[in-house]
Each structure stands twice: as structure tokens, then as C-alpha cells.
Amino acid sequence: MSTFANPLFSMILAIVVGVGGIVALFLGLEFLIGFLPDRTQERVRPWVYVGPLLLILTFFLVYPTLNTLYLSFLDKYSEVFVGLDNWRYAFTNHTMLISFRNNVLWLVVFTALTVSLGLVLAVLLDRVRYEAVAKSIIFLPMAISFVGAGVIWKFVYAFRPAGQPQIGILNAVVNTLLGFQPIGWLIEREMNNFALIAVGVWIWTGFCMVILSAAYKGIPRELLEAARVDGANEWQLFWGVTLPMMKSTIAVVATTMVINVLKIFDIVYVMTNGNFDTEVIANRMYKEMFAFREFGRASAIAVILLLAIIPVMAVNIRRFQEEEAIR
Amino acid sequence: MSKRTICLILAVALLLTLGLSVASAAPLSQGEAYTVVLGDNLWTIAEKYFGNGFAYKAIVGATREKAMEDETFTYILEPGFIHPGQKFWIPSAEEAEAYMEAVRIGGVVSVLGVWGGDEARSFDAAVAPFTQETGTQVAFEGTRDLPVVLPIRVAAGNPPDLAILPNPGQMVEFAKTGDLVAIDAFMDMEQLGSDYAQSWLDLGSYGGTLYGVFYKAAIKSLVWYSPAAFEAKGYTVPTTWDELTALSDQIVADGSVPWCLGIESGAASGWPATDWVEDIMLRTAGPDVYDQWVDHTIPWTDAAVKTAWEYFGQIARNEGYVYGGTTGVLTINFGDSPAPLFDDPPGCYMHRQASFITGFPAFEGQDYAFFPFPSIDATYGVPALGGADLIVMFNDTPQARALMEYLASPEPQEIWAARGGFLSPNKRVSLDVYPTATDRAMAEALTGAEVFRFDGSDLMPAAVGSGSFWTGTLDYVGGVDLDSVLATIEATAVDAYK
């Protein structure tokens, strides 16, 4: 194999050129700005530093988004203009409607569970000595790829007929230990969505907990002491003092989770591939695009996903601006 | 030691090795005849004359050429089977040299396929001789998601050199867009014509041009069982559908479960069930209506199609008939599902699956047999449903050409056939290489069937054959009503066949 084809070599080259290149770029631009008069320098500098990024974003983000919007009005081969046909399909097709329902389910249940569990854990773990150990363990699933987590939980939910050795830990408890009929966790339409959401919660609770824990530790101890002295019990303390103090952090965490969950794909794809009424929008887009080669429909679905996320992003940005104003 | 001494020692060593190599080999300045004696094999003969065992191919080639002119020379058909008394022609050292040089092209060939685990290992074993002879590395990547991954790579301008497609439907899609390399430009078409039946060559062609050769064939209309289990209970092999259902009822009455059926397969879940429906379709509606169904000349909501699904439902939707009930059918992976056949006591007694399943761990070391999936309507008898993997080429490189030629030859087919779970569509592969009588019987069933049809879902466009047909079976087994399942598939078919 030639030296350039060697993967190790190209990796090292990429790191050197990538990192070194960026540093060289900004040093070079700084050097060039130095030739301008001082006042102009100050005005130009922010644009120079942000410029390359804006260019990249325009080519790799803005242009593709506009192009996708354009493609959503064309047919499956992107040749013939079909107007709103793809949009009509996206909003009336039975599987698409199921995906919308599931995404809303994920939105509500997943966000509520991760944020509330993260909050409870953050508050409770603050009081124990083994806090660091516990937090590390709970945060650990974040280190696993979603696909890996999907495979792990697929085994946890595995099904074997009653009386046979169960390879899935849940059915081992239900059937071998407790004697009930084993359950097809991923098949039963009443519970399979919640089974998948449980996997998502398992992964993301650690993230919420860590951030909320940092915010909780930011509450001045004297405030809590003062409330206790005034006779507040722990419950009143939590609702009356802790929560209001952490409101902005909770909002940030919640919006991050919402943005995350609207894009949910890996868990659903690996565990059920959207079968048995577990379909979600992102998986639908993937199937339409790559499996069925329906470019028009896939583009319409992609734009829908984008439109769904925009309000959340707007709220997030407004919040950042408010925080900036306070500072 | 001084520099001069070192140089002197090196020079002497070099001369010695040269001298030794000259002395050991006996290079022929011209070819000569050779008669095989007991204990000979082509490898050692080649080593003796050329110092390199691989040169046996040069001997085989030269002997065959000589045999065309002079009948006393043996036309070597099977390099692995030579007999004392056969007369070979050993080419001159230069000729052998030239042959080996021409063949050693080095480089890499990238191959994309669906195989993983044991199947991938078998493929590696099958191409090992190719790598040893030509020095070309075969970089094989396996993914069950190939129907999705491959179009992405092609669209990105980064296709693999060769791809092993699990169905010809995709070959047609790529041929239409002009992404495939026509292989009749460089393959030995006469050899192919005599090695493969015309129907295989037709299925690998589009618009009159040949794009692929079939490699790993499977016959699908087989029901696997454990003869010991059947004998212990006194069951007899059924030959009609009525006998089959009677046997199933008998097994249920005896307190056991008749069928093992698992249709989970990751992103491809549902495909084993489509094989059931296709087999039944051939037996209830006949091959002509089957063809119309595959072409979408008749819709999915047609009565003939509905009947076939209903027969399937008689088995798959019957909680007492299948291992683990319908939940088991939907959750248990197709590769794991036959294992209860060989449990003690047996978890089930019958498993309908294609021939490749014998290469899976559940069958290893077990005593198994098959009977043909029984006839349903006597007029249509017992047709054979089969499938095969198709090797196509995307990048025209010398390495890719060499590998394509190699894979079309009997050698890699024999290597894998000997490992089990593999049937070869190549007529030159002798039945002796199959490891068991069962495999031989399957190979004969494949080549000798009166009515043979290629797997339907493999021929349909991807949105149906690898999409709504698969998910339709999952929904049907999961309890959704048949009419709405068929209506859903029909809706996607109307779009997909455009």
C-alpha cells in the first residue's frame, strides 16, 4: 500500500493539516489585519474571525436546506415538478401519522422523565458521600453510542417461549423468576414505544443530572439554611426555593432534550426498525431517502422535521439573549 | 571487522545462495512430457520443476492446450484429482515464468456483500487461493443493510469494485442508471455458456448485456426436520398440504409444537415470511400467475394473492402451531429459530427454510434431513423456489476483472460447497464436493426441478421487495387484518413499479 493510502498516515496528516491549518489561517488573517488603521481593525476583526465559519455554514448548511426545500416539490427522481404531492403524502400517509404520534410521545415522555429524574438525582446525590461514584455510573451510558445501547437493550428485551431459558434479563425476571408469561416488549403495541423511550432515558438522564447538579450546587447554602431555620420542610424547600433558583438551567436542559428527541433515530432503527407502530419521523426520512429512493418525499419529511425544531431553537436563542442582557 | 571483510562475506553469501538456487531448480529450456506416478500431486510436480507450487496452474494450462492437439495428453478437469499414468505437458521455465508474472497483478479489490460471521469466513476461505496466486488482496465488507448502503456509495461516487447482491432486482436498477460494468466484454462467454444454464445467464443480464454471475445459490422450498425426532414419535413425512396440517395437528395433540418460525432479521425483518408466501403462491396459483404477481400485472389485492397469504396465516398466526407463539415468530432471529429442532425434547419438529441454513451454528453436528415443501394444488405439483447471490462489477480494474473471472470458475464454489450451506449453480462443480448426501440431494433438486422460479421479493423493486412486502408480513403475523395489509403493499407497489 502506498504511504498516502495508509490509514494511520492519513489520520496523522489530517490532524496536522486540520489543526495546524486553522491556527495558521487565523494567524495569517491577524497579520493581514495589522496593516489596517486601528479603528478599522476593531470593526473588521469580528467579521474576519467569524467569516470563514459563516462561509462554511452557508455552503454546508444554508444551501443544502434551501435545496432540500426545493427538492420537496419535485418527484422521486427530482425531475418533475409535483407541487404539494409530497407534502400531502407526508401529512396523510398512515405510517407518517403514526410517526407524528410517536414523536409527540417521545417529546412529552422522554423530556419529562430525563429532566425530572436528572433533577431528583442531582438534589438527592448532593447529600451522600458516594456522590462522585454514583454520578459517574449514571453518566456512563452517555459514553456508549446509541447503536451500542440499542443492541444492549435488544438483548435485555429478548423473548423466548415460556418455560425455555430466557436470554433477556427482563423476561428472565418475569418468566423464570416470577412465573408469568414472558412478554414481547418490543412487539406489543401498547408498550413497545415506552420500552424504546426507556432506552433513551437510560442514556440521557446522566447528562441532565450533571448539568442540573452543577446548577443546584450554585444555589447559595445560606438561602437554604435560612429557609430551614424559618421552618420549611424538605418538600417546601424543594418547591419553594430550589426549583425557582434553577429555573433557567432547567429550561436550557429541557430545550436541549427536546431538540435531541425530535431527531431520535438510532434507537428506533436498531431495535425495531420502526416496525410494530414504533416509527419515528427521522427513521421514515431515512427509509424514504435511502431504501426507497423517493427523494421528493424524503425532502418533504426533512423539511417538516426542520420546521418542528425551529420554535424550540427560537426559544433557546431568546433565552441566551436574555441571559446576555442580564450580564 | 573492517568494511572490506564485511563486503567480502556478503558477496560470498550472495554467490552461495545464487549457486544453491541454481543447483536445486532444473529450469527447462523447453517443455517436456511427464507421466504421473503414484504419490504425485500437481503441487509437488510444480515445486520440483519450478520451485513454486503455484506454477501448477501453468502446467494445467499448458497440458490442456497440448491435449487439444494430442489425445495422449490428459485434459485436466480437476487439478485436485490426478491419477498415475496421466500424461502432462510441463511448459518451459520461461513460459511458466511469463504465466506467473502475468497472473501476479497485486493490488486490492474491494467487495461489498451481505455476509457476516461464518458466511464471511467461508468467503475468505474461498478467495484465499486467488490472493495467493495473484497477490491481490480481497477487502471484503459485509452488511445486512446492503440494499441501502450500496446505492449510497454509488451515488457518492465511491462504489466497491465488486458487489455481491442478494437479489437481481438491484442489478436491474443499477444497470438502468449505467453504473455497472458489462462483463461480457472480458469474460470467457463460451466457458460461461457451458458452465451455467441459460436461465442463470438471463437473470444476470439486462437489455441483452451480461452484468453479473451467480455465485451462491440456494433452494428454498425445503422443510427441515430431525429424522430421529420423527422416528421417535412415529411421524411420517407429509407430501400434501392436507397431510402437513394433519401432522401439525397431531403434534399439537401430542402436547408439542410443530413449527419453528423466526422472521426477525434486523433491518431485513420479514424476509423469511416472504419466502413462505412465495412458495405457497407457486403451489396455489401456479408459475404463470406467480410471474404476473412479481411483475405487478396483477395487484396485491387479487384473490390469488390473498389466498396464498391466508394459507401462510394458517400456520404463522396459529398460536399453538409455532414455537413461542406469534411473539416468538416476530422476535426470534431467523438464524436462531431452528435450534429447538434438535433440543431434547424437541421444541418443534419442522422448519421451512432455504438450503443455506445448514451452514448456520444450529445445524452444526446435528443429524438433519429435509422434505420438499408439499404440494397444495395437485395441478401445480412441487415447484422449486430458489435464489442466488449475484456478483456485479462497478469499477473496471484488472484486479476486479481477475476476481470476477475467478469467482465464476468452479474453484471458489467448490471450496465453499465443501464447507456446507452452499449450492453452486455452476455445472462444472462436481456433486462429490458436497459434504453430505443432503447437500447433494439439494444440489440435484436445484438443477433438476421441473418448475423453477427465482425468489419473488428479490425480483421486485426495492420499495416493495425489500420494503412493504417485508413489513407487511410483520404486520400480518402481528394481527393486522389481511385486507389492509395487502392494500398498504399495493399502494407502495403502484409507486414503485413506475
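Quick notes on the rules
Residues numbered from 1 in each chain as written. Chains lettered and ligands numbered in written order. Predicted model: local features only at pLDDT ≥ 70, side-chain atom pairs only at ≥ 80, totals over all residues. Helix = DSSP H or I, 4+ residues; strand = E, 2+ residues; numbered from the N terminus. Rg over C-alpha atoms; globule rule 2.2 N^0.38 Å. Buried ≥ 20, exposed ≤ 12 C-beta atoms within 10 Å, placed from the backbone. Contact = placed C-beta atoms within 7 Å. Domains from an automatic or database assignment. Pairing = 2+ DSSP bridges. Core = buried A, V, L, I, M, F, W, Y, C linked by C-beta atoms within 7 Å. pLDDT = per-residue confidence, 0-100. Axes fitted to C-alpha atoms, helices over the stretch in contact; angles between N-to-C directions. Parallel < 35°, antiparallel > 145°, perpendicular 65-115°, else oblique. Left-handed = near helix turned anticlockwise from the far one by under 90°. Nonpolar A, V, L, I, M, F, W, Y, C, P; charged D, E, K, R; others polar.

A. Highlighting the overall build of chain A. Across its full length, chain A carries 14 helices and zero strands. The linear arrangement of helices and strands in chain A, starting from the amino end, is α-α-α-α-α-α-α-α-α-α-α-α-α-α. For a compact globule of 327 residues, the expected C-alpha radius of gyration is about 20 Å, and chain A comes in at 25 Å, more than 25% above that figure. If one aligns the C-alpha atoms of chain A with their principal axes, the spans along those axes are about 80 × 70 × 50 Å. For chain A, with 327 residues in total, the buried portion stands at 28%. Considering only residue pairs separated by 6 or more positions, chain A has 64% of its internal contacts joining residues 24 or more positions apart.

B. Representation of the overall build of chain B in the model. Secondary structure summary: chain B contains 20 helices and 13 strands in total. The buried share among the 498 residues of chain B stands at 45%. Sequence separation of 24 or more characterises 76% of the internal contacts of chain B that already satisfy a separation of 6 or more.

C. Geometry of the environment of Tyr321 of chain B. Residue and element names in this part refer to chain B. By the secondary structure assignment, Tyr321 is in the loop between α13 (303–316) and α14 (325–331). For Tyr321, a count of 23 C-beta atoms within 10 Å translates into the label buried. Considered as a pair, Tyr321 and Ser468 are 147 residues apart in the sequence and their alpha carbons are 26 Å apart. When sequence neighbours within four positions are dropped, the list of residues in contact with Tyr321 reads Ser248, Pro258, Trp259 and Ile315.

D. Spotlight on the domain arrangement of chain B. For chain B, the assigned domains read domain 1 (26–101), domain 2 (106–215 + 391–416) and domain 3 (222–382 + 460–496). Put simply, the middle of domain 1 of chain B and the middle of domain 2 of chain B, counted by C-alpha atoms, are 30 Å apart.

E. Quick look at the sheet that holds strand β10 (residues 351–352) of chain B. Residues and elements named next belong to chain B. Overall, antiparallel pairing links the three strands, which are arranged β10-β9-β11 in an open sheet. Whereas interior strands pair on both sides, the edge strands pair on one side only; in this sheet they are β10 and β11 (369–372). Relative to β10, strand β9 (residues 222–225) is paired through two bridges, and the arrangement is antiparallel. By the bridge assignment, Trp224 is partnered in β10 with His351.

F. Inspection of the nonpolar core at higher detail. Core analysis: the largest hydrophobic core is formed by 170 residues, its most contacted members being Leu162, Ile219, Trp259, Ile391, Val392, Leu403 and Met404 of chain B. For this core, the element with the most residues is helix α8 (residues 192–217) of chain A, which contributes eleven residues. The contact partners of Ile219 of chain B, leaving out residues within four places of it in the chain, are Ala354, Ser355, Ala384, Gly386, Leu423, Met442, Ala445 and Leu446 of chain B. If you look at the next biggest cluster of nonpolar residues, it comprises 16 residues, including Ala46, Ala55, Ile76 and Phe88 of chain B.

G. View of the confidence of the model for chain A. On average, chain A scores 90 in pLDDT, and the residues at 70 or more come to 98%. Within chain A, helix α14 (residues 295–326) of chain A has the poorest average pLDDT of any element, 88, and α8 of chain A the best, 95.

H. Fine view of unusual backbone geometry. Between Asp344 of chain B and Pro345 of chain B the backbone carries a cis peptide bond, its omega angle lying at 0°. Notably, Asp277 of chain A is not glycine yet its phi reads approximately 65°, a positive angle. For Asp277 of chain A, the location among the structural elements is in the loop between α12 (266–271) and α13 (281–291). For Asp277 of chain A, a count of 18 C-beta atoms within 10 Å translates into the label partly exposed.

I. Quick look at helix α15 (residues 398–408) of chain B. Here α15 of chain B lies mainly inside the structure; eight of its eleven residues are buried. Burial in α15 of chain B covers these residues: Gln399, Ala400, Arg401, Leu403, Met404, Tyr406, Leu407 and Ala408 of chain B.

J. Local environment of the environment of Phe81 of chain B. Residue and element names in this part refer to chain B. Following the sequence through the fold, Phe81 ends up in the loop between α3 (56–69) and β2 (87–90). Using a count of 11 C-beta atoms within 10 Å as the deciding quantity, one classes Phe81 as exposed. Sequence separation of Phe81 and Ala62 is 19 residues, and the distance between their C-alpha atoms is 17 Å.

K. Geometry of the packing of helix α12 (residues 271–295) of chain B against α13 of chain B. Residue and element names in this part refer to chain B. One can describe the packing of α12 onto α13 by two numbers: an axis separation of 9 Å at closest approach and a directional angle of 155°. Classed by the angle they form, the pair α12 and α13 counts as roughly antiparallel. In this structure, the crossing between α12 and α13 has a hand that is right-handed. Within the contact between the two elements, α12 uses Ala273, Trp276, Val277, Ile280, Met281, Thr284, Ala285, Val289 and Trp293 and α13 uses Ala304, Val305, Thr307, Ala308, Trp309, Tyr311, Phe312 and Ala316. Tallied by class, residues from the contact of α12 with α13 come to 15 nonpolar, two polar and no charged.

L. Region of interest: the domain arrangement of chain A. Domains assigned within chain A are domain 1 (3–54) and domain 2 (88–146 + 198–326). Inter-centroid distance (C-alpha atoms) of domain 1 of chain A to domain 2 of chain A is 35 Å.

M. Local environment of the pairing of β9 of chain B. All names here are of chain B. Of the two faces of β9, both are covered, the one formed by Leu222 and Trp224 as well as the one formed by Val223 and Tyr225. Where β9 and β11 come together, four bridges link them in antiparallel fashion. Within β11, the residue paired with Leu222 across the bridge is Pro372.

N. Region of interest: the interface of chain A and chain B. With 13 residues of chain A at the contact, the number on the chain B side is 19 residues. Of the residues that constitute the side of chain A that touches chain B, the class distribution is eight nonpolar, three polar and two charged.

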